[in-house]
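What follows is each chain in one-letter form.
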Amino acid sequence: VWWGWWCVWGGVGGWGGGGGGSRGLSGGVCQGAGLWRGNQSGQVGANASDIFNAQQASQNLAVTYATEIKSSSFLQRIHSQVGGGRVSAAGLGSVLSASDVMNTGLVSVSAEAGSPAKAQVLTRQVAQAFLNVLAQDGQAQANAQQRVFQARIASLSAVISTLSRS
């Protein structure tokens, strides 16, 4: 048995650490598991209140991530990236579990498969797909915000130009 971790930092962060775990279950089914940390973005001040608030935000983010990983909409988005696309979203939902690790800000993900190696691969692929979705969604949100800001700047520039002419 070996256990490891994955790490998510800065909201959409990146892949950190490495590893996972596996163990045999009854009936020739094996389980692979991994942990990662969902850190709240932003700077943390030096006082205890800021540190407590950052920890609370990380714990809340871990709950959100665990819930998202188990959601059918997420599984529908990633099923083609996991297991060579051979497993349906419903099939993934039946072999995956995800939960926050109480009071830590960590997310635990595990998968069941026919061998320890397959369970580990499945867990890693789900974790990587989740990170990819976070990055894609973050980029889409940044692009949308940029368009809003650019439109607002253009509007203000037009107003300034009109006022300059008067």
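See above for the structure.
Residues numbered from 1 in each chain as written. Predicted model: local features only at pLDDT ≥ 70, side-chain atom pairs only at ≥ 80, totals over all residues. Heavy atoms only, no water.

A. Spotlight on the overall build of the protein chain. When its secondary structure is counted, the protein chain shows four helices and six strands. Put simply, the protein chain runs from its N terminus to its C terminus through helices and strands in the order β-β-β-β-α-α-α-β-β-α. Expressed as a percentage of its 166 residues, the buried residues of the protein chain come to 32%. Here the contacts in the protein chain between residues at least 6 apart in sequence split such that 60% fall between residues at least 24 apart. For the protein chain, the exposed surface amounts to about 9,400 Å²; the carbon and sulfur share of it is 57%. (Helix = DSSP H or I, 4+ residues; strand = E, 2+ residues; numbered from the N terminus. Buried < 20%, exposed > 50% of the residue type's maximum accessible area, 1.4 Å probe, protein only. Contact = heavy atoms within 4.5 Å. Areas by Shrake-Rupley, 256 points an atom, 1.4 Å probe, with all protein chains shown as cover.)

B. Fine view of unusual backbone geometry. Phi at N103 is positive, roughly 60 degrees, even though this residue is not glycine. Following the sequence through the fold, N103 ends up in the loop between strand 5 (96–101) and strand 6 (106–113).

C. Local environment of the nonpolar core. By size, the foremost hydrophobic cluster in this structure holds 22 residues, and its most contacted members are I69 and I78. Sorting the residues of this core by element identifies helix 1 (48–70), helix 2 (72–78), helix 3 (89–95), strand 5, strand 6 and helix 4 (116–165) as the ones contributing at least two each. (Core = buried A, V, L, I, M, F, W, Y, C linked by side-chain atoms within 4.5 Å.)

D. Structural detail: helix 4. The first and last C-alpha atoms of helix 4 sit 73 Å apart over 50 residues, in line with the 74 Å expected at 1.5 Å per residue. Buried within helix 4 are the following residues: A119, Q120, L122, T123, V126, A127, A129, F130, L131, V133 and L134. (Expected span 1.5 Å × (residues − 1).)

E. Just the pairing of strand 5, in detail. The pairing of strand 5 with strand 6 spans six bridges and is classified as antiparallel. Note on strand 6: the bridge partner recorded for S97 is S110. Counting the residues that bridge the hairpin from strand 5 to strand 6 gives four residues, and of these N103 lies at a positive phi of roughly 60 degrees. (Pairing = 2+ DSSP bridges.)

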